[in-house]
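Architecture at a glance
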Amino acid sequence: MKVTYFGHACFLIELSGFKLLFDPFIRGNDSAKLIDIDSIEADYILVSHGHDDHTADLVYLSKKTGALVIASWEITQWLIEQGVNNVHPMNTGGKRVLEFGEVTMTFASHSNSLPNGRYGGLAAGFIIKNDLATAYYSGDTGLFGDMRLIGEQYQIDVALLPIGGNFTMDVSDAVIASKWIHCNKIIGLHFDTFGYIVIDQNDAIKKFADQGLQLNLLKSGEGFTV
Ligand code: NI
Ligand code: MN
């Protein structure tokens, strides 16, 4: 499994030859300005929630790549109105077996509206797994106790967690989350993109390391192989 970071909460996970893109937000993100949006390929696009910093390039890349978009029922209905018809609706706790393996839509403690202000369903995270690897992409979320259940149910090889605070978990809460999901390999997201979520990166890495956990802070465009 290879994870490539495109800044903020946008990642590409390559698993068994399939490309899964999460929360596309490239144009308008200063930290992703070196990424050529038209070089991004995807077989699937997974959307955690409808906020702009997760969907700014969703319609564009959905149409350009022809990827199957996996999102809440409400987001998929909105996408159809935007002319994106290759969609797969899910809801919290639902599982689906697709070509690359299994996807589960998990709870996320966050709000969810669409760019036009419409209700987007519950905010979500995703677990993707096959025989080779399991990844947890929590989406924007605060710490919530049912992360313990995720840790009981899955053997997570790598977790992509927000660490920027203010709108989501901060570093301290993400350390607790990592313990609850029994995962010691973490990739941080949702930090340093704008003023509310600026962190001290060295201090963050140390706070994880003090608990025996590895926090990876990727540069935009950088990859991580699990
Ligand atoms: Ni959000
Ligand atoms: Mn966000």
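Scroll up to find the structure this text is about.
The present account deals with the structure reproduced in this document. Because the structure is a prediction, the values reported are computed rather than measured.

Notes on the side chain of Thr 76
Within the secondary structure, Thr 76 sits in helix α3 (residues 73-81). Setting aside its immediate chain neighbours within four residues, Thr 76 contacts Val 69, Ala 71, Val 87, His 88 and Pro 89.

Considerations on the environment of Gly 125
Position of Gly 125 relative to the elements: it lies in strand β9 (residues 124-129). Here the alpha-carbon distance between Gly 125 and Asn 91, two residues 34 residues apart in the chain, equals 10 Å. Those residues in contact with Gly 125 that lie beyond four places of it in its chain are Thr 104, Met 105, Thr 106, Phe 107, Ala 108, Tyr 137, Ser 138 and Gly 139.

Describing the packing of aromatic side chains
Per the stated rule, a full pass over the model turns up eight aromatic pairs. Between Phe 107 and Phe 144 the ring centres are 5.0 Å apart and the planes differ by 90°, which places this aromatic pair in the edge-to-face class. Of this pair, Phe 107 sits in strand β8 (residues 101-107) while Phe 144 is found in the loop between β10 (134-137) and α4 (147-153), placing the two residues 37 residues apart along the sequence. Using a relative accessible area of 37% as the deciding quantity, one classes Phe 107 as partly exposed. Cluster of aromatic residues (ring-pair linked, three or more members): Tyr 5, Phe 11, Phe 22, Phe 126 and Tyr 137. We note Arg 27 situated over the ring of Tyr 60; from NZ or CZ to the ring centre the distance is 4.2 Å. One Lys or Arg, Arg 148, reaches over the ring of Trp 180 and ends 4.0 Å from the middle of that ring.

Rules behind the numbers
- Residues numbered from 1 in each chain as written.
- Chains lettered and ligands numbered in written order.
- Predicted model: local features only at pLDDT ≥ 70, side-chain atom pairs only at ≥ 80, totals over all residues.
- Heavy atoms only, no water.
- Helix = DSSP H or I, 4+ residues; strand = E, 2+ residues; numbered from the N terminus.
- Contact = heavy atoms within 4.5 Å.
- Phe/Tyr/Trp six-rings, centres within 6.5 Å; stacked < 30°, edge-to-face > 60°.
- Buried < 20%, exposed > 50% of the residue type's maximum accessible area, 1.4 Å probe, protein only.
- Lys NZ or Arg CZ within 6 Å of the ring centre and 35° of its normal.

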